[in-house]
Amino acid sequence: MEQSHLYLHKFYAQISPGPLMVSATGLHPQSRPATQQPEHIDELVALELEHLKTHYADEEQRYVDLLLLANPIVVERRAQPRPETTASGVTIPDRGIQNSTSANTLVPEPQRQTAPMASSRHDTQRQRAESCRKSRYNNKIKKAKLRFRHKFVSSQLTESAGVLDHMREVIAQAEAELLARGFNLGALERMRRNFGVDRCMTTAMDQ
Amino acid sequence: MENYNHKKFTGALKRKRCQEEESDDDVVFIMEQCGHRTPEQPQPKRRFFRPWLDESLAQEQEPQPTRTRQSHPGSPASPPLVDATSTYHANMVRSHTPRQRSPQEQLRRDRNTLASLRHRRSKQQEQALMEQQYFEYRRQHEANLQQQVRLSLYYVRFLQQTMAATREPLQASSHQQMPKAQTTTQHSWGVHN
């Protein structure tokens, strides 16, 4: 599931041609990256992070919906509903109805014109029972959604940690080669600080 | 979890349950039988809190819907007494005959109730833990994403540029082709899909 990595590629497309286009300002292309301010970098990072977070939220929602469809929540009735309620076709067989998420529209009980003698106590009682049932069902759904979200975030976390490790390896190789060509170590470390590369050290081994 | 207190066995409901059997024996029986497993409570001044025996306190008015429900001819049985200090929601009051149980049955019921309450609480704690873990993982993932952004920025904007810059003087001499900064950096990261 390399979703987040593929999404990052759009970012790569944005950032790589950038410096080459500003040579018209008279700045030497090679020196431009070296003079980038940390604040500017922070802005870019924050912007891209917002995009990634929105993307994550969308993916999470989609995943949860998918799993909910695949594992529909079932709440059974203990007793049959009252025979007067036939208006909206909510006649339910004895036991074991299955509530898929899309069908969870509880139609409010229509007024019964046919039974003017019905006691108000039965009304409230039935309302209460329906509310309780609905509440139980919604709670079940909430619990299931939490489980799915937890599953999703766990997988995303291991994946992102792995990707991070890989990126650090590649960067370490590139840095080693640069230093081998005589690049100044102090300047390198200054650039690392500028970009905030050492902010939070987490590896896949921390999981 | 031995000192788990639940309102069914403390306070108003215990008072209510006990007042239907007009003796202390049952509760004493239960509390002695269950031993350490019943909820520990601070030692009371008297065995049961029964203010109507201590003083003559006027009972509060019952809520209107309960009153009409009680007086309705269609009600199946006499509803349970609503205590002056009980906190029941009028709509929630169930009207059923309180079953008479032998002490052993009541003991069994109480044990079952406590067990189920403990189980429910442990499930709640499990859920809370999962939720905490979820937030923690999510926070960590977002930190990872930020690092990914920074690392890629660092690599593309700085390392690749510098590599290209430092390689150029050698290019004429060694005929080495430097890979250009790529729009899709799959090659440069060497990540398999």
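Chain B is annotated in an unreviewed UniProt entry as GL26308 from Drosophila persimilis.

As annotated in an unreviewed UniProt entry, chain A carries the name sisa and is attributed to Drosophila pseudoobscura pseudoobscura.

A. A look at the environment of His40 of chain A. Residue and element names in this part refer to chain A. Topologically, His40 is positioned in helix H4 (residues 38–70). Using a relative accessible area of 33% as the deciding quantity, one classes His40 as partly exposed. For the pair formed by His40 and Asn194, sequence separation is 154 residues and the distance between their alpha carbons is 9.8 Å.

B. Highlighting the packing of aromatic side chains. Enumeration according to the criterion identifies 6 aromatic pairs over all chains in this entry. Each member of the aromatic cluster is reached from another via a ring pair, and the members are Phe183 and Phe195 of chain A together with Tyr154 and Phe158 of chain B. Above the ring of Tyr134 of chain B, the side-chain terminus of Arg149 of chain A is found at 5.1 Å from the ring centroid.

C. A look at the confidence of the model for chain A. Residue and element names in this part refer to chain A. Per-residue pLDDT for chain A has a mean of 74; in total, 61% of the residues score no lower than 70. When mean pLDDT is taken per element in chain A, H4 scores highest with 94 and helix H2 (residues 18–21) scores lowest with 45. Contacts of residues 18–35 to residues separated by more than four positions or lying in other chains number 13 contacts, the stretch itself having pLDDT below 50. Low pLDDT, under 50, characterises residues 85–113; the stretch is placed with 41 contacts to residues that sit more than four places away or in other chains.

D. Expanded view of the packing of H4 of chain A against helix H5 (residues 120–180) of chain A. Residues and elements named next belong to chain A. Direction vectors running N to C along H4 and H5 enclose 130°, while the axes themselves pass 9 Å from each other. Viewed along their axes, H4 and H5 adopt a mutual orientation that is oblique. Here the hand of the crossing between H4 and H5 comes out right-handed. Seen from H4, the contacting residues are Tyr56, Glu59, Glu60, Tyr63, Val64, Leu67 and Leu68; seen from H5, they are Ile141, Ala144, Lys145, Phe148, Arg149, Lys151, Phe152, Val153 and Gln156. Per-class residue counts for the contact of H4 with H5 are 10 nonpolar, 1 polar and 5 charged.

E. Structural detail: the side chain of Gln147 of chain B. Checked against the element boundaries, Gln147 of chain B lands in helix H5 (residues 103–174). Given a relative accessible area of 1%, Gln147 of chain B falls into the buried group. At a separation of 2.7 Å, a polar atom in the side chain of Gln147 of chain B contacts the main-chain carbonyl oxygen of Val197 of chain A. Discounting residues that sit within four places of it in the chain, Gln147 of chain B has contacts with Leu164, Arg168, Gly196, Val197, Asp198, Arg199 and Cys200 of chain A.

The rules behind each value
- Residues numbered from 1 in each chain as written.
- Chains lettered and ligands numbered in written order.
- Predicted model: local features only at pLDDT ≥ 70, side-chain atom pairs only at ≥ 80, totals over all residues.
- Heavy atoms only, no water.
- Helix = DSSP H or I, 4+ residues; strand = E, 2+ residues; numbered from the N terminus.
- Buried < 20%, exposed > 50% of the residue type's maximum accessible area, 1.4 Å probe, protein only.
- Phe/Tyr/Trp six-rings, centres within 6.5 Å; stacked < 30°, edge-to-face > 60°.
- Lys NZ or Arg CZ within 6 Å of the ring centre and 35° of its normal.
- pLDDT = per-residue confidence, 0-100.
- Contact = heavy atoms within 4.5 Å.
- Axes fitted to C-alpha atoms, helices over the stretch in contact; angles between N-to-C directions.
- Parallel < 35°, antiparallel > 145°, perpendicular 65-115°, else oblique.
- Left-handed = near helix turned anticlockwise from the far one by under 90°.
- Nonpolar A, V, L, I, M, F, W, Y, C, P; charged D, E, K, R; others polar.
- Polar contact = N/O pair within 3.5 Å; in protein donor to acceptor, adjacent residues only side chain to side chain.

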